[in-house]
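# Fold and geometry: a report
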Amino acid sequence: MEPIEKVINEKIQGKALVTENKAENTKKLFIESYGCQMNMNDSEIVASILDKEGYNTTQILEEADLVLVNTCSIREKAETTVRKRLQKYNKVKRINPKMKVGVLGCMAERLKEKFLDEEKIVDLVVGPDAYKDLPNLLEEVNEGRNAVNVILSKDETYGDISPVRLNTNGVTAFVSITRGCDNMCTFCVVPFTRGRERSRDPKSILGEIQSMVDQNFKEITLLGQNVDSFLWFGGGLKKDFKKATEMAQATAVGFAELLDMCATKFPKTRFRFSTSNPQDMHLDVIHVMAKHRNICKYLHLPVQSGSNAMLKAMNRQHTREEYMSLVDNIFKIVPEMSLSQDMIVGFCGETEEDHKDTLDLMKYVKYDFGFMFTYSERPGTLAGNKMEDDVPFETKKRRLQEIIDLQQEHALLRTQQHLGKTEEFLIEGTSKKNLNEWKGRNTQNTVAVFAKGDYKLGDFVMVKVEDCTSATLKGTAVGYSDNN
């Protein structure tokens, strides 16, 4: 098994998504999503758009009229996986020639010519800002023409689309609040595949959350490539904020204010958010987290490297010292905070000293969770165009394993801190290992398993923690929390 498969939590996943079907819909949509939760949420937007075009979702590939794969370009492994899936789709297409195959998302813009013209493996290619054009593109395909729209938008947020919840557990849901990213990290393709930052109208965000609450969802995660950068001043790109009117600037809503609005309006609903960027994380957000019980005490705070030399090469707009100071302040304001990281191993020019700096920073923070990857060059990025991927693969593998081993050590240390405590957990589903046990998460995003008893999916339950591994708590439910 490759070391990359041993990460504590694997981000890249593929899911054939399905929802409740309408009797009047006669066509079948098979949609598979890879990558981050933003991609999963985008697939829900696509399903909503196509629902109005007469498509029901299916998990049976062979019966589909339309097959869509929502793609991720963040790592080479994700692209390789998608290509293999497209090959499978096309084998099925030979048996069912009426079936149409399309690529959505982050791979669309970068590989549109390859997919459509050179390899001829898809019928349509649709970028992240063009999903509303799907009905027109499908007409083009049905008339025998390839169809493509990968134009990036300055204002599209899909705030007027009510997503169809796919493969939902009925308890947790995701609500996108921003799209795009302005942070030009040299390793990252997101600014080029998803465009510049723009934020969604808070009224539409609160409206979508209200809809989720009305459907009895108990936990909402606010999503964005960089949620801390949320800034609503009437619409448009964030970079144009300085050009806005004085009134628009004076009445603008930042992320701390949005978070406070959500937690105040829906006091019985748990809130999480992801992903944060250290350079844009302000302590007013942490103070809002401390203020509200229903905002989970968990932050995903990617650092990517503990070396200042690597952070500079990556164009991260913070130093290790600034990051460590931020962490110190976070723990001062919210001592029970849980932190997780993203770490890139073997970036261009990384020395053994740089690697030791990363291990040293990890020892300082002692993260609860981690997402750790070896660097893979992404075409179109500044690193891909200008820097040499000069760290040998075997060196990357060894360094990654050292980081994973240290993270597992810290994860166990963090789970052990829950032993003997009675904490609130939200029941999200049945344990994968024992059908007689529920699994749930506490405010720190740590999973616990416990006997089902008379408790139900979606209940807030008090659990006494009695045992743990590095990833999971084990305990006994002792009653309902006062949040039900």
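Here goes a summary of the coordinates provided.

## Some thoughts on the side chain of Lys396
Summarising the element assignment, Lys396 is placed in helix 14 (residues 393-416). Judged by relative accessible area, Lys396 falls into the buried class, the value being 5%. In this structure the side chain of Lys396 is engaged in a polar contact, spanning 2.9 Å, whose partner is the side chain of Asp389. If sequence neighbours within four positions are ignored, Lys396 has contacts with Val345, Gly346, Thr374, Tyr375, Asp389 and Val391.

## So, the packing of helix 8 (residues 255-265) against helix 9 (residues 283-291)
With their axes 8 Å apart at the nearest point, helix 8 and helix 9 run at an angle of 15° to one another. In terms of orientation, helix 8 and helix 9 fall into the roughly parallel class. Relative to helix 9, the crossing made by helix 8 is right-handed. Between helix 8 and helix 9, the residues in contact are Phe255, Ala256, Leu259 and Asp260 and Asp284, Val285, Val288, Met289 and Lys291, respectively. Considering only residue class, the contact of helix 8 with helix 9 consists of 6 nonpolar, no polar and 3 charged.

## Looking at the sheet that holds strand 19 (residues 437-441)
In space, the 5 strands of this closed barrel follow the order 18-19-20-22-21, with mixed pairing throughout. Ignoring strand direction, the axes of neighbouring strands in this sheet form an average angle of 55°. In the sheet, strand 20 (residues 447-451) pairs with strand 22 (residues 472-480) via 3 bridges, with the strands oriented parallel. Across the sheet, residue Ala448 finds its bridge partner in strand 22, namely Leu473.

## Remarks on the sheet that holds strand 15 (residues 298-300)
The strand order across the open sheet formed by 3 strands is 15-16-17, and the pairing between neighbours is parallel. The sheet is open, and its two borders are formed by strand 15 and strand 17 (369-374), each paired with just one other strand. Taking each pair of neighbouring strands and ignoring which way they run, the sheet shows an average axis angle of 10°.

## Thoughts on the pattern of salt bridges
Tallying each qualifying case throughout the model produces 31 salt bridges. As a salt-bridge pair, Asp368 and Arg414 come within 3.9 Å of each other at their nearest N and O atoms. Highlighted residues: Asp368 in the loop between helix 12 (352-365) and strand 17 and Arg414 in helix 14, separated in sequence by 46 residues. This pair shows no difference in class: Asp368 is buried, exactly as Arg414 is. Several salt bridges converge on common partners, so that one network encompasses Glu219, Arg270, Arg272, Arg293, Glu424 and Asp482.

Conventions used here
- Residues numbered from 1 in each chain as written.
- Predicted model: local features only at pLDDT ≥ 70, side-chain atom pairs only at ≥ 80, totals over all residues.
- Heavy atoms only, no water.
- Helix = DSSP H or I, 4+ residues; strand = E, 2+ residues; numbered from the N terminus.
- Buried < 20%, exposed > 50% of the residue type's maximum accessible area, 1.4 Å probe, protein only.
- Polar contact = N/O pair within 3.5 Å; in protein donor to acceptor, adjacent residues only side chain to side chain.
- Contact = heavy atoms within 4.5 Å.
- Axes fitted to C-alpha atoms, helices over the stretch in contact; angles between N-to-C directions.
- Parallel < 35°, antiparallel > 145°, perpendicular 65-115°, else oblique.
- Left-handed = near helix turned anticlockwise from the far one by under 90°.
- Nonpolar A, V, L, I, M, F, W, Y, C, P; charged D, E, K, R; others polar.
- Pairing = 2+ DSSP bridges.
- Salt bridge = Lys/Arg side-chain N within 4 Å of Asp/Glu carboxyl O.

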